[in-house]
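# Analysis of the macromolecular model
The residues making up each chain are set out below.
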Amino acid sequence: MSPAPTPRIRPRHAPDLPACVEALAQVHEADGYPTNWPEQPAEWLIGGGGSPIGAWVAELGGCVAGHVVLCRSAEGDVAPALWSRREGVPVDEIAVVSRLFVPPGARGHGLGALLLARVVAEAAELGLHPVLDVVAYDTSATALYERTGWRFLGTAEQRWSPRQTVTVRCYAGPEAETPI
């Protein structure tokens, strides 16, 4: 029996985008994420929602097996607004975790938790506090966030377009662990 491949988190590069889009399509087929399939999925991944700070991929056996983006808050983002009101900090001290996914064939290796830990550490290095939101019906994502120490802030209505509003659960990230 061969040993399980060692996961690796690294910055996303432009040549990774086709593999990321393929993985995203697998996630969309299995889980319905993203809720609305983007017309240009590679551009959707690059954007991240607000102004991107950084993007990372998980690799397993040398193949792209997960993705996450950390970005600045965009106008109308509810999670940063909730955290800002609760903690009394300006929105510009908050980073938003976005475009997090692991395709079905790569699950069970802790990649989602590793990607989350990477963006929490990056946010901490930049003096930012990470937040995220997830559609209220996505119980598997919610379970991951709660299992990895994310704190529930509340539910809110998030406007995605003039004709679409969705209920989201908002979370604040855990404190980054200090290296020993």
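Per chain, residue numbering runs from 1 following the sequence as it is written. Residue-level local features of this predicted model are given only where pLDDT is at least 70; pairs of side-chain atoms are given and counted only at 80 or more, and the full residue set underlies all totals for whole chains, interfaces and linings. With hydrogens and water excluded, all non-hydrogen atoms of the structure serve as input to the side-chain values.

What follows covers the overall build of the chain. A helix here means a DSSP run of H or I that spans at least four residues, while a strand means a run of E at least two residues long, and both kinds are numbered starting from the N terminus. Counting its regular elements, the chain contains five helices and seven strands. Walking the chain from its N terminus toward its C terminus, one meets helices and strands in the order β-α-α-β-β-α-β-α-β-α-β-β. The size measure is the radius of gyration over C-alpha atoms, and the globule rule it meets is 2.2 Å times the number of residues to the 0.38 power. Computed over the C-alpha atoms, the radius of gyration of the chain is 16 Å, within 12% of the 16 Å expected from 2.2 N^0.38 for a compact globule of 180 residues. Split into buried and exposed, the 180 residues of the chain put 45% on the buried side. Residue contacts follow a heavy-atom distance rule, with two residues in contact if any of their heavy atoms lie within 4.5 Å. In the chain, once contacts between residues fewer than 6 apart in sequence are set aside, the share between residues at least 24 apart is 64%. Throughout, exposure labels follow a simple rule: accessible area from a 1.4 Å probe, protein chains only, divided by the maximum for the residue type, with under 20% read as buried, over 50% as exposed, and the rest as partly exposed.

Before going further, it helps to spend a moment on helix α3 (residues 78–87). Of the residues making up α3, those classed as buried are Val78, Ala79, Pro80, Leu82, Trp83 and Ser84. Against the buried residues of α3 lie β4 (94–101), β5 (129–135), β6 (151–161) and β7 (164–172). Following α3 by one or two positions, Gly88 adopts a phi angle in the positive range, close to 70 degrees.

Grouping buried Ala, Val, Leu, Ile, Met, Phe, Trp, Tyr and Cys residues that are joined through side-chain atoms within 4.5 Å yields what is termed a nonpolar core. If you look at the biggest cluster of nonpolar residues, it comprises 25 residues, and the most contacted ones within it are Val97, Leu116, Tyr145 and Trp150. At six residues, the largest contribution of residues to this core is made by helix α4 (residues 111–125). Apart from residues lying up to four places away in sequence, Leu116 is in contact with Val97, Leu100, Leu132, Leu144, Tyr145, Thr148 and Trp150. In this structure, Val78, Leu82, Val96 and Ala172 belong to the second largest nonpolar core, which totals 16 residues.

This brings us to helix α5 (residues 139–147). Of the positions making up α5, those classed as buried are Ala141, Thr142, Leu144 and Tyr145. Angular distribution of buried residues about the axis of α5 spans 160 degrees; they occupy a single face of the element. Away from its buried face by more than 90 degrees, α5 exposes Thr139, Ser140 and Arg147. Phi turns positive, to about 90 degrees, at Gly149, one or two residues after α5. When we speak of the arc, we mean the arc of directions from the helix axis to the C-beta atoms.

Looking now at the packing of aromatic side chains. Only the six-membered ring of Trp is used, alongside the rings of Phe and Tyr, when aromatic pairs are assigned; centres must lie within 6.5 Å, and planes under 30 degrees apart are stacked while those over 60 apart are edge-to-face, with the rest tilted. Going through the model one piece at a time under the given rule, you end up with four aromatic pairs. For the ring pair Tyr145 and Trp150, a centre distance of 6.4 Å and an interplane angle of 55 degrees mean the geometry is tilted. Tyr145 sits in the buried class, given a relative accessible area of 7%.

What follows is about unusual backbone geometry. If a residue is not glycine, its phi is most likely negative; likewise, a peptide bond is most likely trans. Residue Pro34 follows Tyr33 across a cis peptide bond; omega there is -5 degrees. Within the fold, Pro34 resides in the loop between α1 (17–31) and α2 (41–47). With phi around 55 degrees, Arg99 is a residue other than glycine that occupies positive phi space. Position of Arg99 among the secondary structure elements: in strand β4.

Time to look at the side chain of Arg99. The sign given to each residue is positive for Lys and Arg and negative for Asp and Glu; His and the chain ends receive no count. Between Lys or Arg on one side and Asp or Glu on the other, a salt bridge is scored when a side-chain nitrogen of the former is within 4 Å of a carboxyl oxygen of the latter. The buried charged residue Arg99 lacks any salt bridge partner; its closest oppositely charged side chain belongs to Asp133, at an N-O distance of 8.2 Å. Looking at Arg99, its side chain comes within polar contact range of the side chain of Ser98, at 3.3 Å. The term polar contact refers here to a pair of N or O atoms within 3.5 Å; inside protein, the definition further demands a hydrogen-donor-capable atom paired with an acceptor-capable atom, and it admits residues adjacent in sequence only when both atoms are side-chain atoms.

With that settled, consider the environment of Ala124. You can see Ala124 is positioned in helix α4. For Ala124 and Gln26, which are 98 residues apart along the polypeptide, the C-alpha to C-alpha distance reads 31 Å.

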